[in-house]
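Structural description and commentary
Listed here are the chains, written in short residue letters.
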Amino acid sequence: MSISSEKKRHYRSLGHKLKPVVMVAGNGLSDGVIEETLRALHDHELIKVKFAVGDREVKKEAIVELCNQTQAELIQTIGNIALIYKENKDAKPNLSNIKSF
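Notes on the structure in this doc start here. Everything quoted here is computed from the prediction, not taken from an experiment.

Some remarks on the side chain of histidine 44
With respect to the element layout, histidine 44 can be found in helix α2 (residues 31–44). A distance of 2.8 Å separates the side chain of histidine 44 from the backbone oxygen of leucine 95, its partner in a polar contact. Not counting chain neighbours up to four residues away, the residues in contact with histidine 44 comprise Leu95, Ser96, Asn97 and Ile98.

What follows is the structure, given as structure tokens:
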């Protein structure tokens, strides 16, 4: 799935006010982290994930791996925060960070 640059720009503006809902720390991408990310993406579609894994290269690899395992699209990374998106056509408008705007 490829998102247009216009949509990415819109999602970045929406993501600006969001707080991270998932944190990846020393244990890396455990099954629990993947499950929680999938649940958050299902509910909210657009989420921030905080990475506290140290090295830049390790962080980049973890972000790519998380997006691959959850089939989400990376919208933006700033520092230790990644903004990711996965469309859910059945998302409830009161939970979705996309449909509620």
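The rest of the description comes next.
Some remarks on the pairing of strand β4 (residues 81–85)
The buried fraction of β4 amounts to 4 of the 5 residues, a majority that puts the element mostly inside the structure. Pairing analysis gives 5 bridges linking strand β2 (residues 46–51) to β4, with the strands arranged antiparallel. Within the sheet, the bridge partner assigned to leucine 46 lies in β4 and is tyrosine 85. Once strand β3 (residues 73–78) ends, the chain turns through 2 residues before running back antiparallel as β4, passing glycine 79 with a positive phi of about 60 degrees.

Section: the packing of α2 against helix α3 (residues 56–70)
Contact geometry for α2 and α3: axes closest at 10 Å, N-to-C directions at 65 degrees. Here α2 runs over α3; the crossing is right-handed. Counted together, Ile34, Thr37, Leu38 and Leu41 of α2 and Leu66, Gln69 and Thr70 of α3 form the full contact between these two elements. The residue inventory of the contact of α2 with α3, partitioned by class, reads 4 nonpolar, 3 polar and no charged.

A word on helix α1 (residues 5–15)
Within the span of α1, buried status applies to Tyr11, Leu14 and Gly15. All buried residues of α1 lie within an arc of 95 degrees about the axis, which places them on one face of the element. In α1, the exposed positions that point more than 90 degrees away from the buried face belong to Ser5 and Glu6. Of the surrounding secondary structure, the elements contacted by the buried residues of α1 are β2, β3 and β4.

Criteria and thresholds
Each chain has its residues counted from 1, running along the sequence as written. Where totals are concerned, whole chains, interfaces and linings use all residues; where local detail is concerned, this predicted model gives features only for residues with pLDDT of at least 70, and gives and counts side-chain atom pairs only at 80 or more. Hydrogen atoms and water are omitted, and side-chain values are computed over all heavy atoms in the structure. Helical segments are the DSSP runs of H or I of at least four residues, strand segments are the runs of E of at least two, and each set is numbered from the N terminus. Polar contacts, as counted here, are pairs of nitrogen or oxygen atoms within 3.5 Å of one another; within protein the pair requires one atom able to donate a hydrogen and one able to accept it, and residues that are adjacent in sequence qualify only if both atoms are side-chain atoms. By the convention used here, residues are in contact when the closest approach between their heavy atoms is within 4.5 Å. Only protein chains enter the area calculation, which uses a 1.4 Å probe; residues under 20% of their type maximum are buried, those over 50% are exposed, and those in between are partly exposed. For two strands to count as paired, DSSP must find a minimum of two bridges between them. Each axis is a line fitted through C-alpha atoms, taken for helices only over the stretch in contact, and angles between the N-to-C directions span 0 to 180 degrees. The hand of a helix crossing depends on one turn: near helix anticlockwise from the far one by less than a right angle means left-handed, and clockwise means right-handed. Gly falls in the polar group here, along with every residue not listed as nonpolar (Ala, Val, Leu, Ile, Met, Phe, Trp, Tyr, Cys, Pro) or charged (Asp, Glu, Lys, Arg). The arc in question is traced by the directions running from the helix axis to the C-beta atoms.

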